[in-house]
Amino acid sequence: MFPVPAFVLMFFLSPSFAQVSYTPAVRNTYDSVYRKLDARLTNMVTNPENKIKGIALLTIFRVDTLNKQDLLANSSARDTSTIAGYTPEKILNPDIMIGKAKVSNTSLVLSFSPWFMLGEEIRHVIKGNTVETTYQLWNKSDKVFKTDSGIQDSRNIDIAAQSRLVLSDSDAVVGETLYGSAETTTRQYAELHNANFKNGILQLRVTYNYVFKLFVHKDDGY
């Protein structure tokens, strides 16, 4: 039996902790992506009536079907890229997500919700140079999902994810603006009772890459 490298064991056996790095230059990265934003989205972001306090610019969104070989021959899902509900032509590049930043005495919590994929949220909990990331699904048209740890639910489920995070400042201050970038990939998870796949199991993994600009709030417990 061959020994398993330590970094592989960390990915599969431990919670999804990863390192955070800090550099003011990430603000320039955000600005360069913002300049490519479609005018319709720019108007949405800058419209004061929308009261947007945090924005993420999405550069990569990918749903990977990991068991395409299990697609049934008589399935109507001829294009497996659409199985998870992803419609590429509706996604602009870059696109936008709504973001929030809350700081407490012990941690900084960043959350991002794609406006085009209702019922999903990416959540980063940052303590010092370490981040733990979860991908949350809820109320997904009564679909039942199962995590790699065996937990399954049709209403609210948390899927562990790996993230590489860069922030503009190591000291997030309430009332100020925080810039950053993130590369987030979920662990493998399953949609159950899917009629298009053998044994009704669709194996998935989702990737989001984005830069962001967030107004920092105090964590009030809500």
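Residues numbered from 1 in each chain as written. Predicted model: local features only at pLDDT ≥ 70, side-chain atom pairs only at ≥ 80, totals over all residues. Heavy atoms only, no water.

Visitor: Would you explain the nonpolar core in this entry?
Guide: Most often, soluble globular proteins have nonpolar side chains that are buried together. Of all hydrophobic cores here, the largest spans 35 residues; its most connected members are Leu 110, Phe 112, Leu 167, Tyr 208, Tyr 210 and Phe 212. Here the element with the most residues in this core is strand E12 (residues 202-218); it accounts for 8 residues. Each residue touching Leu 110, except ones within four places of it in the same chain, is listed here: Lys 100, Ala 101, Ile 122, Arg 123, His 124, Ile 126, Leu 165, Leu 167, Leu 178, Phe 212 and Leu 214. (Core = buried A, V, L, I, M, F, W, Y, C linked by side-chain atoms within 4.5 Å. Buried < 20%, exposed > 50% of the residue type's maximum accessible area, 1.4 Å probe, protein only. Helix = DSSP H or I, 4+ residues; strand = E, 2+ residues; numbered from the N terminus. Contact = heavy atoms within 4.5 Å.)

Visitor: Would you mind showing me how to read the packing of aromatic side chains here?
Guide: How two aromatic rings sit relative to each other is set out by the distance from centre to centre and by the angle between their planes. A complete count under the given rule lists 9 aromatic pairs for this structure. Aromatic side chains Tyr 135 and Tyr 208 sit 6.0 Å apart centroid to centroid with 50 degrees between the ring planes, which places their arrangement in the tilted category. A residue pair is termed long-range when its members are at least 10 positions apart, and Tyr 135 in strand E6 (residues 130-138) and Tyr 208 in strand E12 qualify at 73 residues. Three or more aromatic residues joined by ring pairs make a cluster, and in this case those are Phe 61, Tyr 135, Phe 145, Tyr 189 and Tyr 208. Looking at Lys 53, its charged tip hangs above the ring of Phe 215, at a distance of 5.6 Å from the centre. (Phe/Tyr/Trp six-rings, centres within 6.5 Å; stacked < 30°, edge-to-face > 60°. Lys NZ or Arg CZ within 6 Å of the ring centre and 35° of its normal.)

Visitor: Looking at this model, I keep getting lost on helix H2 (residues 26-34). Mind explaining?
Guide: Note that an α-helix has 3.6 residues per turn; residues three or four places apart therefore point the same way. Among the residues of H2, Val 26, Tyr 30 and Val 33 are the ones counted as buried. Down the axis of H2, the buried set is contained in an arc of 65 degrees. They therefore lie on one face. Where H2 is buried, its residues meet strand E2 (54-65), strand E9 (156-167), strand E10 (177-186) and E12. (Arc of directions from axis to C-beta.)

Visitor: Before we go on, may I ask you to explain the environment of Trp 115 in this structure?
Guide: Looking at where Trp 115 falls in the secondary structure, it is placed in the loop between strand E4 (108-114) and strand E5 (120-127). By relative accessible area, Trp 115 is classed as partly exposed at 40%. Taking the C-alpha atoms as reference points, Trp 115 and Ile 96, separated by 19 residues in sequence, lie 7.3 Å from one another. Residue contacts for Trp 115: discarding those within four places in its chain leaves Asp 95 and Ile 96.

Remember, this is a structural readout, not a statement about activity or role.
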